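Understanding the architecture of this molecule
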Amino acid sequence: ENYMLSRLNLSSNSLGHQTTMALGALLRSPQFVLQALDLTANELDATDAAHLHECLEANKMLTSLDMRANRMERDNGDVSEIDRIVRANELDLRNM
């Protein structure tokens, strides 16, 4: 059974590592379809970015991810890879 949610706004919720881990498990699941995720202003750090990057490697549906105003550096390699994955998903869906 698939679960479809087009947008999820979790901005300004002071999410911790446990929440990022749980969210990552959802993003990995092929049964959970999410197109846009807002994680703005949640005090996410490099550990969270690394976990999200790992989970998004298998995700082909997320086409928008907002991670502004967190505690991760813009030049963080995981953040760059997350950006690449989300942009590739958007292009793949446009070409379907």
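Bear in mind the structure is a predicted one, so any value in this text is a computation, not a measurement. (Residues numbered from 1 in each chain as written. Predicted model: local features only at pLDDT ≥ 70, side-chain atom pairs only at ≥ 80, totals over all residues. Heavy atoms only, no water.)

Things to note about helix H2 (residues 46-56)
The following threshold applies: Think of it in three bands: residues with accessible area under 20% of the maximum for their type are buried, residues over 50% are exposed, and the middle band is partly exposed, with areas taken using a 1.4 Å probe on protein chains only. Helical segments are the DSSP runs of H or I of at least four residues, strand segments are the runs of E of at least two, and each set is numbered from the N terminus. Here, two residues are considered to be in contact whenever any of their heavy atoms come within 4.5 Å of each other. Residues adjacent in sequence count toward polar contacts only when both atoms are side-chain atoms; beyond that, a polar contact is any pair of N or O atoms within 3.5 Å, and within protein one must be able to donate a hydrogen and the other to accept it.
Within H2 the residues assigned to the buried category are Asp48, Ala49, His51, Leu52, His53, Cys55 and Leu56. The secondary structure elements touched by the buried residues of H2 are helix H1 (17-28), strand S3 (64-66) and helix H3 (77-94). For H2, the N-terminal capping position is held by aspartate 45, with its side-chain oxygen 3.1 Å away from the main-chain nitrogen of threonine 47.

Some thoughts on the nonpolar core
For soluble globular proteins, nonpolar side chains are generally found buried alongside one another. The condition is simple: Definition used in this section: a nonpolar core is a set of buried Ala, Val, Leu, Ile, Met, Phe, Trp, Tyr and Cys residues joined via side-chain atoms within 4.5 Å.
Membership of the largest hydrophobic core comes to 19 residues, with the highest contact counts inside it found for Leu37, Leu39, Leu65 and Met67. For this core, the secondary structure elements donating two or more residues are H1, strand S2 (32-38), H2 and H3. With 4 residues, the top contributor of residues to this core is H3. The residues touching leucine 39, leaving out its near neighbours within four places in the chain, are Leu10, Leu15, Leu23, Leu44, Leu52, Leu65, Asp66, Met67, Arg68 and Asn70.

Examining unusual backbone geometry
Even without being glycine, serine 12 reaches a positive phi, approximately 55°. Located in the positive-phi region is serine 14, a residue other than glycine, with phi close to 50°. Here serine 14 falls in the exposed class, since its relative accessible area comes to 53%.

Side note on the pairing of strand S1 (residues 3-9)
Keep this limit in mind: Note on pairing: DSSP must find at least two bridges between two strands before they are called paired. Here a crossover is taken to be right-handed if, once the strands point away from the viewer, the path from the first strand over the helix to the second is traced clockwise.
In this sheet, S2 lies alongside S1 in parallel orientation, the contact comprising 6 bridges. Considered in S2, the bridge of arginine 7 is made with alanine 36. Handedness of the crossover is the feature at issue here: the chain leaves S1, passes through H1, returns alongside S2, and the resulting connection is right-handed.

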